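# Chains, contacts and geometry: an overview
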Amino acid sequence: MKQFQYQRASTQQGVLEAISKPGTKIIAGGTNLVDHMKHGLIAPDKLVDITHLPLKGITPTKTGLHLGTLALNSVVSEDALVLQKQPLLSMALKAGASPQLRNMATVGGNMMQRTRCTYFYDTTMPCNKREPGTGCGAMEGYNRMHAIFGASAQCIAVHPSDMCVALAALDATVIVVGKKGQRHIPFTEFHRLPDDHPELDNHLAKDEMIIGVDIPDNNFAKNSYYLKVRDRQSYAFALVSVAAALDLSGGTIKKARLAMGGVAHKPWRLFEAEKFMEGKSVTEETFKQAAQIALQGAKAYEYNAFKLKLAPASIVEALKQASGLA
Amino acid sequence: MNKRTLNHPKSTTGTSRVDGRLKVTGGAKYAAEFNVKGLAYGVLVGATIAKGSIRSIDSKKAENAPGVLAVISHLNCPKIPGYAAEPAKAPIKIFYDDKVLYNGHAVALLIADTFERAQYAASLIKVEYNAQKHITSLKDNLGSAVAPPSDAEFKKGNPDAWQSAPFKVEQEYILPSEVHNPMELHAIVARWDAPDKLTVWDKTQGVKDTQSNLARIFGIPVENVQVHSKYVGGAFGSALQVWQHEVAAIIGAKVVKRPVKLMLTRADMFTSVGYRPLTWQKIGIGAAADGKLVGISHWATGQTSTYEDFAESPADVSRQLYACANLYTNNKILSLDVGSPIWMRGPGYATGTFALESAMDELSYQLNIDPVELRLINYAETDPETGKPYSGKSLREAYKMGAENIGWHSRPKKPGSMTEDGWLVGYGMSTGMFQADREPATVKATMNDDGSLILQTAVSDIGPGTATPMVLIASETMGIPIENIRFDLGDSAYPNAPQQGGSTIVSSVGSAVYLACIALKEKFQQLIGNGGTDKPDYAAVLKQHNLVKLEVVTDSKAGTEVDKYVMYSWSVHFIKVLVNPLTGVVKVDKATCVADSGRIISPKTARSQIIGGAIMGIGMALMEETVIDHRYGKVMNASFGDYHVPVQADIPQIEALFVNEPDLNINPLGAKGMGEISLIGMAAAVANAVYNATGKRVTELPITPDKLVGWGELS
Ligand SMILES: Cc1cc2nc3c(=O)[nH]c(=O)nc-3n(C[C@H](O)[C@H](O)[C@H](O)COP(=O)(O)OP(=O)(O)OC[C@H]3O[C@@H](n4cnc5c(N)ncnc54)[C@H](O)[C@@H]3O)c2cc1C
Ligand code: SF4
């Protein structure tokens, strides 16, 4: 196999210097990166291990909760503050991967994980994301797991994360750092749609790293639910998933947050449907109408047409669970 | 074994696997773990087209990579002697010519001094092809199916009778192809000890078959081939034949003059060791108002490769299961540009019962007769196909036990009418059957003067824990504790035994063990003379006679009983499912599986067999499916991430019950096989439960949420 260098970074500065050189990749838990190396999707010259940086903390701030990029998925999902303030995040994390993987996976790594499109993984197949300009194998191929929102003529892949769907719903902010200093990116604007550059999954610059995520306090804790619909009960990626969070006053919806996974190249926040629900009463009818609004503009391919039914059905189910109507 | 203790849900009765500790502590050594001296490592390169020929192979870069010992392909492969005599339709002849027969067909082997170097260098080999138009879709080419050479259509009475029955079901079914995915990957370590002497450590279900096949392929005497396969990490039929990778490793070892290890990757398992064929089926079944069947017609077309006519004859079950005057079965195969299928747990019957038992269920709702009752109305007292008596059949009792255990009476009579915590509730059931065989087997039994008994035979243990029942049989027959008995298996040096497949081992080898013990005891009686006890202190007798050991070699095989009777094992599966009315997610909430397979010799390992088969059945019903992108003829979900088998969270409490009625017409033990019947029928039972829960009949497996969500559709 191709030889590569391994460097353990002890400072943020060290990481930034290392990644300023082409061919260098950050490694955190390694659960996605190493797979990519094994499948021959990437062959870095150098890996810079960031797991020894002091970025593991889960700490309360004046306005919410801060997650260091190295906080492990398993630790975040069981953290007392997370369970108390943001149970939706805990549910989403526990719906992802397996306990063994969550024990390795980090916040930043989870955000940066790449699509599970089988054509992306198979180096004998065309794929614009892996090799721009070769075509999209999935477009007219086996696209059961693929997008119904925001796809382009270049790529119809979905982002596979569960955690990110919850963070998108919870109005989180990503904190990144580069040579020029820190940037704060709204979570919903961190990942991008494929348009003409499917090779880019997000707006992180090549010489930047993620250092953490901020989640503002909210009143959703009592009425949130993460629904993941998959082909088996555990250890499978979402056919569709729904993060639903409601702030209820009596039988009325004061605020609503709704995002989906498994349907787009990024966690898919449903702003219109949220707006529609605000001020409405908690009924199955409200949820059905919200689901219909959510589905506007959806487009399916040969094998994923079922998502046009499964997505709204799942939105209704998630909202029922979140509101206690179920 | 008392029936009450045997069938108690929390029963832990019975002896634990005698090799259990070795297996869970890593003490059991599998084929790929034999790191013999001087070992080199082989990696195969698979074709990336589905049909055509190899135009060129550029291996310069690979050959110059560090540690590379050889690159072997059709361009330079030494002649493999046995290939010349192969029939026209035969397993792939590796590196034989420039033809590519399917996507993944091995076209080159790279051997290096470490695995990592071999893998890297193999990625540097560039193969160019002349591609031809390939055909890999069964559904689009059903019209081109033909009768397999071995199988004619079967007719009894009027084949069209079902059509004029007052109640009838006509339905088509699809069972996707399922891949062999035992935990242990196929692997071989091959070493030439002399130009005509070969030793292999290999994953195989039959060391003797592998031995004779390798001798034939390499043109050397059988006794010059040694096959070791003491532990097998699961095999469901994939290790029943010698595959191309085994021949490749052996020829590779010859070329580099070093032992070669070749272990398949998980992705290779999807292309290189067979699979359960994708099969289309159609059933026409008709009944009178009282439920009596008027006719059953069953058509099945399964896929095969272009180079082998593999047929598993799924339609046969429809002429064997129910009493019916008019029967018609028709099995066909369709050649595609894919790798060959192979037997997989419950071959033919697992596929066939999905169709037949789904159709019976559908018919029961039409007739408004309880599905169990409908089966009892049509219960066959003699074999519908031949009219012969059964060697043993207690299926009636199995239905009763299962129905009681699951609480069948509480099922919703009307589909979609019962909920639990917002989930729809459904109950379903199905029957399973599989022929019960007894193959020739020979056991050598040696009693030593320290009181230890050594049993030896060349059977494999592909997972069920074969040594355990064998030791139990010997213990009971000889009257000595199991700790004093050792059962040696998995080595071609031992006396003949059948392949482990088709649920025959307890019946075949178990009987041989029993007869060997009887023969050994007789030898002791001759020593002791008249009046001695039947179960003496063997060690003392040996010492008394100045002997270090006494041994016998005993053959055992079926007799004329096979002409008198038809012999089957039977099973009944009862399933309760929960279905989410919105998302279509199905959860199996309870499973009760009853085996009618003669006397239960080893309750604990028997229970494990049933539970394992039931889990595999849940996978077949709800998740397993090989997906091919027909543009490339390539499997697109060749990984455990994309090809789903059940995980713990998918599996409920499974109750394994046994009728435990000895069938002494098949063998002296009264025991029949249960490896296959534990799976056979499961898929239909789950599908029938889903219908009962939702009113939606899914006829194309697997039942994933997308197949059900339509009915919960928003207005
Ligand atoms: C079998 C399997 C099943 C899975 N199932 C699920 C599932 O159901 N749901 C789900 O959500 N996920 C699932 N996952 C994915 C898993 O969540 C991710 O692999 C994991 O979150 C990645 O985190 P990591 O720390 O291991 O990242 P790594 O593998 O170390 O890195 C991933 C990427 O992130 C980059 N990176 C890491 N940290 C930073 C940083 N601070 N700044 C910039 N770049 C960074 C790396 O360079 C790399 O490109 C599954 C994975 C596997 C292997
Ligand atoms: S969907 Fe995107 S990732 Fe998948 S093959 Fe097309 S371009 Fe590649």
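Scoring rules and cut-offs
- Residues numbered from 1 in each chain as written.
- Chains lettered and ligands numbered in written order.
- Predicted model: local features only at pLDDT ≥ 70, side-chain atom pairs only at ≥ 80, totals over all residues.
- Helix = DSSP H or I, 4+ residues; strand = E, 2+ residues; numbered from the N terminus.
- Rg over C-alpha atoms; globule rule 2.2 N^0.38 Å.
- Buried ≥ 20, exposed ≤ 12 C-beta atoms within 10 Å, placed from the backbone.
- Contact = placed C-beta atoms within 7 Å.
- Domains from an automatic or database assignment.
- Pairing = 2+ DSSP bridges.
- Axes fitted to C-alpha atoms, helices over the stretch in contact; angles between N-to-C directions.
- Nonpolar A, V, L, I, M, F, W, Y, C, P; charged D, E, K, R; others polar.
- Near = placed C-beta within 6 Å.
- pLDDT = per-residue confidence, 0-100.

### Some thoughts on the overall build of chain B
Summing up its helical and strand segments, chain B has 17 helices and 28 strands in all. Scaling as 2.2 N^0.38, a compact globule of 715 residues should have a C-alpha radius of gyration of about 27 Å, and chain B matches this with 27 Å. Expressed along its principal axes, the backbone C-alpha trace of chain B runs to roughly 80 × 75 × 50 Å. By residue count, 56% of the 715 residues in chain B fall in the buried class. A sequence separation of at least 24 residues applies to 82% of the contacts in chain B between residues at least 6 apart.

### Points about the domain arrangement of chain A
We note that the domain assignment places domain 1 (5–51) and domain 2 (221–323) within chain A. A C-alpha centroid distance of 36 Å is found between domain 1 of chain A and domain 2 of chain A.

### Quick notes on the sheet that holds strand 25 (residues 586–596) of chain B
Residue and element names in this part refer to chain B. The 5 strands lie next to each other as 18-19-24-25-28, forming an open sheet whose pairing is mixed. Of all the strands in the sheet, just strand 18 (419–420) and strand 28 (654–658) have a single pairing partner and so form its edges. Bridge analysis of strand 25 against strand 28 gives 5 bridges, and the strand direction is parallel. Along strand 28, the bridge assignment pairs Ala595 with Phe658. Seen against the sheet, helix 16 (residues 682–694) touches strand 19 (423–435), strand 24 (568–579) and strand 25 and runs at an angle of roughly 155° to strand 19.

### Some words on the interface of chain B and chain A
When the parts come together, some accessible area is lost, and that loss is often what is quoted as the size of the interface. In this complex, chain B contributes 31 residues to the contact, which on the side of chain A involves 27 residues. Residue contributions to the side of chain B that touches chain A peak at 3 residues, all from helix 4 (residues 115–122) of chain B. Looking at the side of chain B that touches chain A, its residues break down into 12 nonpolar, 11 polar and 8 charged.

### Quick word on the site of ligand 2
Taken together, 14 residues lie near ligand 2, and Cys117, Tyr119, Cys127, Cys136 and Cys155 of chain A sit nearest. A per-class count over the shell around ligand 2 returns 10 nonpolar, 3 polar and 1 charged.

### Considering the domain arrangement of chain B
Residues and elements named next belong to chain B. One can read the domain layout of chain B as domain 1 (39–133 + 184–235 + 239–272), domain 2 (153–182 + 281–385), domain 3 (388–436 + 562–715) and domain 4 (438–557). If you average the C-alpha positions of domain 1 and of domain 3, the two centres end up 38 Å apart. Each partner contributes residues to the interface: domain 1 has 7 residues there, and domain 3 has 8 residues. Tallied by class, the residues present in the side of domain 1 that touches domain 3 amount to 4 nonpolar, 2 polar and 1 charged.

### Points about the pairing of strand 17 (residues 326–335) of chain B
Residues and elements named next belong to chain B. The buried count for strand 17 comes to 8 of 10 residues, which makes it a mostly enclosed element. As paired strands, strand 7 (residues 154–156) and strand 17 are joined by 3 bridges and run antiparallel to one another. Looking at the pairing, Phe154 lines up with Thr329 of strand 17. Of the strand pairs in this sheet, strand 16 (residues 293–304) and strand 17 are connected by 10 bridges, and their pairing is parallel. Bridge pairing in strand 17 places Ala300 opposite Asn331.

### Some words on the confidence of the model for chain B
Taken as a whole, chain B shows an average pLDDT of 96; of its residues, 98% reach a score of 70 or greater. Predicted complex, confidence summary: ipTM 0.97, pTM 0.97.

### With respect to the site of ligand 1
Near ligand 1 there are 32 residues, and of these Gly29, Gly96, Gly108, Gly109 and Met112 of chain A occur at the shortest range. With respect to ligand 1, the chains having nearby residues are chains A and B. The set of elements that each furnish at least two residues to the shell around ligand 1 consists of strand 2 (24–27), helix 2 (33–38), helix 7 (107–112) and strand 8 (209–216) of chain A. Looking at which element gives the most residues to the shell around ligand 1, the answer is helix 7 of chain A, with 4 residues. Of the residues contributing to the shell around ligand 1, the split by class is 15 nonpolar, 14 polar and 3 charged.

### Remarks on the environment of Ile72 of chain B
As for its placement among the helices and strands, Ile72 of chain B is situated in strand 3 (residues 68–73). Through-space distance from the C-alpha of Ile72 of chain B to that of Ala108 of chain B is 5.5 Å; in sequence the pair is 36 residues apart.

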